[in-house]
Amino acid sequence: MDQPVRYELVKTDSRTGARLGKLHTPHGVIDTPCFMCVGTQATVKAMTPRDLKEIGAGIMLSNTYHLHLRPGHELVREAGGLHEFSQWHGPMLTDSGGFQVFSLASMNKIHEEGVEFSSHIDGHKMFFTPEYVMEIEQALGADIAMMPMGERIGAHIIKSKHYLVLIPAVFMIGALITVAEPDLQVLADQFETLNRWTVILTVAAGVGSFLVLALVRIIKKIQLTQILLALYVLVFAVAGTMAIDNGTFIPVAFDSGGVTTGPITVPFFMALGIGFATVRGGKNAQDDSFGMVALCSIGPILAMLILGLATGVNEVSSGVSALPEYGDFGAVAAAFGRGLPGYIKEVALALLPIVLLFGIFQFVFLHLPKKMLIRLGAGLVYTFVGLVLFLTGVNVGFMPAGTFLGGALAGTAVPWILIPIGMVLGFVVVLAEPAVRVLNKQVEEITVGAISQRAMLLSLSIGVAVSVGISMLRVVTGISLWYFLIPGYAIAIELSFFAPKVFTAIAFDSGGVASGPMTATFMLPFAMGSCIALGGNVSTDAFGLVAMVALTPLITIQVLGCVYKIKLMRVERSKSAKQVDDGVTVIEFEPEGI
């Protein structure tokens, strides 16, 4: 498969919740609901591919179990995949062979790890596990049977039942992916009193440790709400201990949790969660696939708090640079040219461990086909170029511009103007975050259109605007971050006991979505420039903005989840009432004698 499958919601019936949609695949678009023809062994009996196209077949279904037996999935791979093998060039779906668990019940034995089949052809033994079935489907090359890189690595890691193998492998993945996160690199450059690599490696260790914890949670089927409650109690306990002697470091620690969940870590960690949960299986596997990012956001906070306690750092000095003066466009281009080589080297060093790690998995476990490796290689090139341009642009021009704007506004006769302007900027920043739109679409699909993308975007924008407004109020007045973080997280945790579980998981996962590159590279420097101009303490007054922005989705999405839950209950009550009304038969009669 050359690109991910994407679902487009077209229309939702407000009364029944029935949906019309389009399923976009690499081999065509499927209008749902649709007619799916059955080609168990990659052919529909008595019909040619042309016949199927003429009658309007939207997709063909083939069977993993039968194709594994005859002609064999490796032979299909060598033929170019199912599409070339069958000469059907429309969308294809391969099932997992799960139906044969029941239809061939007398010829198989079910174990915890998988199903042992006896071939109905010659009786030879086969053992199907979830990960092996996915390997077969990958070889077949169907459109709807594909796990991305993160999912496949996650699936292969969890195959090992030995924690001595699992823990180091997962820790290394979490740490290496975090080192490449551009938002973290931007934050680390903000400090003068802390070495940037000390910050990066501390945060990476925190993420790696909590990625291990997230894996254990999935394996042991621990409720996300319970573990979040315990961890945030621990976080605030450690922060409270630090506040006695070293409170200035607390906003920095909470900001580190927000910047860690950025465009590199979030997709990979969510894919790992899907891979872990898919192999583990169970009725709650889909819900448990969320929550990876939520836990990995807590790790950096604890790690940085521990760093502050261990080093005794009392204040973090800002490394904000002033906006340079350029005479013309040539001077601007020259500034970018001077910064480019350093960031090329920096990004290459950050991505190299990830490439080596994937290379090891590919050689030992994955064995992805050449076509998929080319696609992944192209994606890596795009990532490299994008990160280089991003870091160069941010450090040469974008961050200094934010600092200058904040300082200029704070230097006016009415510094309180920072609050409404900050709120407007916060509202617009959410609109500019591409990951927010992905999140909104996901929620709309989960709620079957009950919560629209527009409602999600508006609520997030308003929430982040309020968060930035509160942050600028702190800059102007010096109010402690404690007065907002403690009530905010208390509300979020309390909502988790009422909102649907999947909304709680998505909410805590998406905390880093709102606090993306725009927040770390523009809004934080904006607050720092304002704070410096007002003569405030950057450590306590400016830092903490990212943490406030990351807090917003935790509340907003869970509130929407509660709204969705109420709407669903009303629909169910309406259906029940209608069924009762439809089931009543009224018999009219006249008594004798009247």
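Look up: the structure comes first, before these words.
Values in this document were obtained by computation on a predicted structure and should not be read as measured data.

Thresholds, definitions, all that
- Residues numbered from 1 in each chain as written.
- Predicted model: local features only at pLDDT ≥ 70, side-chain atom pairs only at ≥ 80, totals over all residues.
- Heavy atoms only, no water.
- Helix = DSSP H or I, 4+ residues; strand = E, 2+ residues; numbered from the N terminus.
- Buried < 20%, exposed > 50% of the residue type's maximum accessible area, 1.4 Å probe, protein only.
- Salt bridge = Lys/Arg side-chain N within 4 Å of Asp/Glu carboxyl O.
- Core = buried A, V, L, I, M, F, W, Y, C linked by side-chain atoms within 4.5 Å.
- Contact = heavy atoms within 4.5 Å.
- 1 Å grid on protein atoms, 1.4 Å probe; cavity = no way out; pocket = protein on both sides within 12 Å on 5 of 7 lines; lining within 4 Å.
- Points joined across faces, edges and corners; volume = space filled by probe spheres on them.
- Nonpolar A, V, L, I, M, F, W, Y, C, P; charged D, E, K, R; others polar.

A closer look at unusual backbone geometry
The omega torsion of the bond from T32 to P33 falls at 0°, within 30 degrees of zero and hence cis. Here P33 shows up in the loop between β3 (28-32) and β4 (36-38). A positive phi angle, close to 65°, is found at Q87, a residue other than glycine. Mapped onto the elements of the fold, Q87 is located in the loop between α4 (82-86) and β6 (92-95). A relative accessible area of 43% means that Q87 is categorised as partly exposed.

As for the pattern of salt bridges
As a working rule, side chains carrying opposite charge can pair if their charged atoms are close by. Going through the model one piece at a time under the given rule, you end up with one salt bridge. K22 serves as the salt-bridge partner of D31, at 2.8 Å between the closest nitrogen and oxygen.

Quick word on the nonpolar core
Nonpolar side chains in soluble globular proteins tend to end up buried together. Grouped together as the largest cluster of nonpolar side chains are 111 residues, with contacts concentrated most on L228, F254, L305 and L485. Once residues within four sequence positions are removed from consideration, F254 is found in contact with V235, F236, A239, I301, L485, Y489 and A547. In this structure, C37, V44, M60 and L82 belong to the second largest nonpolar core, which totals 11 residues.

Details of the environment of G257
Relative to the assigned elements, G257 resides in helix α12 (residues 250-260). Expressed as a C-alpha distance, the spacing of G257 and G206, which sit 51 residues apart in the sequence, is 9.5 Å.

A look at empty space enclosed by the protein
Taken as a whole and assessed by the stated rule, the structure comprises three cavities of 30 Å³ or more. Counted as a void, the largest cavity has a volume near 140 Å³. In terms of lining, the largest cavity is formed by 14 residues, of which the most central are Y232, G257, S297, Y489 and A550. For the lining of the largest cavity, the secondary structure elements donating two or more residues are α12, α15 (292-311), α23 (511-514) and α26 (545-582). Here the lining of the largest cavity is composed, by residue class, of nine nonpolar, five polar and no charged.

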